[in-house]
Amino acid sequence: MKSLSCAALLFLLVAACRTAPPAWEAANPIKPLPAGPLGTEIDLTALPQPPTPERVRLGRWLFYDRRLSGDNTISCASCHRPEHAFSEPTPVSSGVRNQRGGRKAPSFVNQAVTIYPHFFWDGRAGSLEDQALGPIANPIEMGSTHQTMVETLARIPGYAPYFKEAFGTPEITKERVAKAIADYERTRMSGNSPWDRWRYNREENAVSAQVKAGHELFQGKANCAQCHLGNNFTDGQFHNIGVGWVAATKTFKDDGRWAISKDLGEEGRAGDRGAFKTPTLREVTRHAPYMHDGSVATLREVVEFYNRGGEKNPWLDAKIKPLNLTEAEIDAVVALMQALEGEGYQDTPPASFPE
């Protein structure tokens, strides 16, 4: 009887070992697609190609996995940091071998739905998938190639079952990697901020009188909403506000959209010189320093820059003019932006990864 009991116990232990998921799977379980927080009006299930929970889980691993880089030191999250709402606290990004780029990593929160398919500061990517692949092959960002990245993942046997789960077969391709990462990024949404609760739920006590005054200025005298419009506070377009203009040489340190819009012709690209995409203001308090080059330290300095009418140059956007805001009005506009701190985007890196 005793030997029978021991045999039964051994059987149960063996069965438990066979069915227990690996540590990395337990740390990154499949979860239902999140609902869009208040104010976002994003329904992931209504997208033309909706994310799936399986692709999102795979994408979460890939987004945080440094093995996608050429020297195993940099992941997507090295620059797009979750604690900074997927931007970063530095003026510009640093990649493999501590090489510094010329631009700051922009946040991608609420990018599941956009007015225009423009990604990166200059709009050179037409989708989140394209944006995900770009840095992997950039020699000063992740410093790999798409082929090397695929070969690296193929040598990790633990990944194959999750590619099969997400795509139907275990084949690993750059397109599948991009799709999984992009689907994870689509789930990073920000809403239900104090401003959202005031505007959509009519909770009058959700924000202060100063925030309400800032909202009126934002829509009116300051006219921020001519570019920072809609639920995501961006028009998705490109504007020259003068950042990076060098008066002595009459050139920009970075030509922005101009450098990649050559196929549009002179008329089609008029206004592109020194122009960059309007960033979202969702979670903007977590994105300092500001502008594409991180050259403006605080939100107040950003508003003061616009209040002066930007930096004059021959291609300054016609919408950029002195605002004549008072000190108190500047403070109110800043308070409004501070009231856009919400929830839904938060995440932390997985505790372990497929081996």
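Below or above, wherever it landed, is the structure these notes cover. (Residues numbered from 1 in each chain as written. Predicted model: local features only at pLDDT ≥ 70, side-chain atom pairs only at ≥ 80, totals over all residues. Heavy atoms only, no water.)

## Digging into the nonpolar core
Counting residues in each nonpolar core, the largest one holds 36 residues, and the members touching the most others are L62, F63, L68, L153, Y159 and V177. Of all the elements in the fold, those that place two or more residues in this core are α3 (53–64), α4 (128–137), α5 (146–154), α6 (160–167) and α7 (174–186). With 6 residues, the top contributor of residues to this core is α3. Residues contacting F63, with those up to four places away along its chain left out, are S75, C76, A77, H80, F86, F108, I181, Y184 and E185. Of all hydrophobic cores here, the second largest spans 33 residues; its members include F233, V284, V334 and M337. (Core = buried A, V, L, I, M, F, W, Y, C linked by side-chain atoms within 4.5 Å. Buried < 20%, exposed > 50% of the residue type's maximum accessible area, 1.4 Å probe, protein only. Helix = DSSP H or I, 4+ residues; strand = E, 2+ residues; numbered from the N terminus. Contact = heavy atoms within 4.5 Å.)

## Brief notes about the pattern of salt bridges
Considering all chains together, one arrives at 21 salt bridges under this definition. D347 is paired through a salt bridge with R60; the nearest N and O atoms lie 3.0 Å apart. Of this pair, D347 sits in the segment after α12 (327–338) while R60 sits in helix α3, and the two are 287 residues apart along the sequence. Take R60: its relative accessible area is 13%, and that puts it in the buried class. (Salt bridge = Lys/Arg side-chain N within 4 Å of Asp/Glu carboxyl O.)

## A short note on α6
For α6, the complete set of buried residues consists of Y162, F163 and A166. Buried residues in α6, looked at end-on, bunch into an arc of 105°, giving them a common side. Along its buried surface, α6 packs onto α2 (23–26), α3, α5 and α7. (Arc of directions from axis to C-beta.)

## Some words on the environment of G143
Relative to the helices and strands, G143 resides in the loop between α4 and α5. The spatial distance from the C-alpha of G143 to the C-alpha of G95 is 7.7 Å, given a sequence separation of 48 residues.

## A look at the side chain of E88
Examined against the element boundaries, E88 turns out to sit in the loop between α3 and α4. Despite its burial, E88 pairs with no opposite charge; the closest candidate is R81, at 4.8 Å N-O. Separated by 2.5 Å, the side chains of E88 and S93 make a polar contact. Among the polar contacts made by the side chain of E88, one reaches the main-chain amide nitrogen of A105 at a distance of 2.6 Å. Setting aside residues up to four positions removed in sequence, E88 forms contacts with C79, R81, S93, R103, K104, A105, H287 and A288. (Lys, Arg positive; Asp, Glu negative; His and termini not counted. Polar contact = N/O pair within 3.5 Å; in protein donor to acceptor, adjacent residues only side chain to side chain.)

## Some thoughts on unusual backbone geometry
Following A288, the chain continues into P289 via a peptide bond in cis, with omega recorded as -5°. Looking at the element boundaries, P289 is found in the loop between β4 (276–277) and α11 (299–307). With phi around 55°, R97 is a residue other than glycine that occupies positive phi space. Relative to the helices and strands, R97 resides in the loop between α3 and α4. Backbone geometry at K250 places phi at a positive 55°, although glycine is not the residue there. Structurally, K250 can be placed in the loop between β2 (245–246) and β3 (251–252).

## Structural notes on the packing of aromatic side chains
Overall, the coordinates contain 16 aromatic pairs when judged by the stated rule. With centroids separated by 4.6 Å and ring planes inclined at 55°, the aromatic side chains of W61 and Y162 adopt a geometry described as tilted. Of this pair, W61 sits in helix α3 while Y162 sits in helix α6, and the two are 101 residues apart along the sequence. Across this residue pair, the class does not change: W61 and Y162 are buried. (Phe/Tyr/Trp six-rings, centres within 6.5 Å; stacked < 30°, edge-to-face > 60°.)

Geometric values such as these leave the question of function open.
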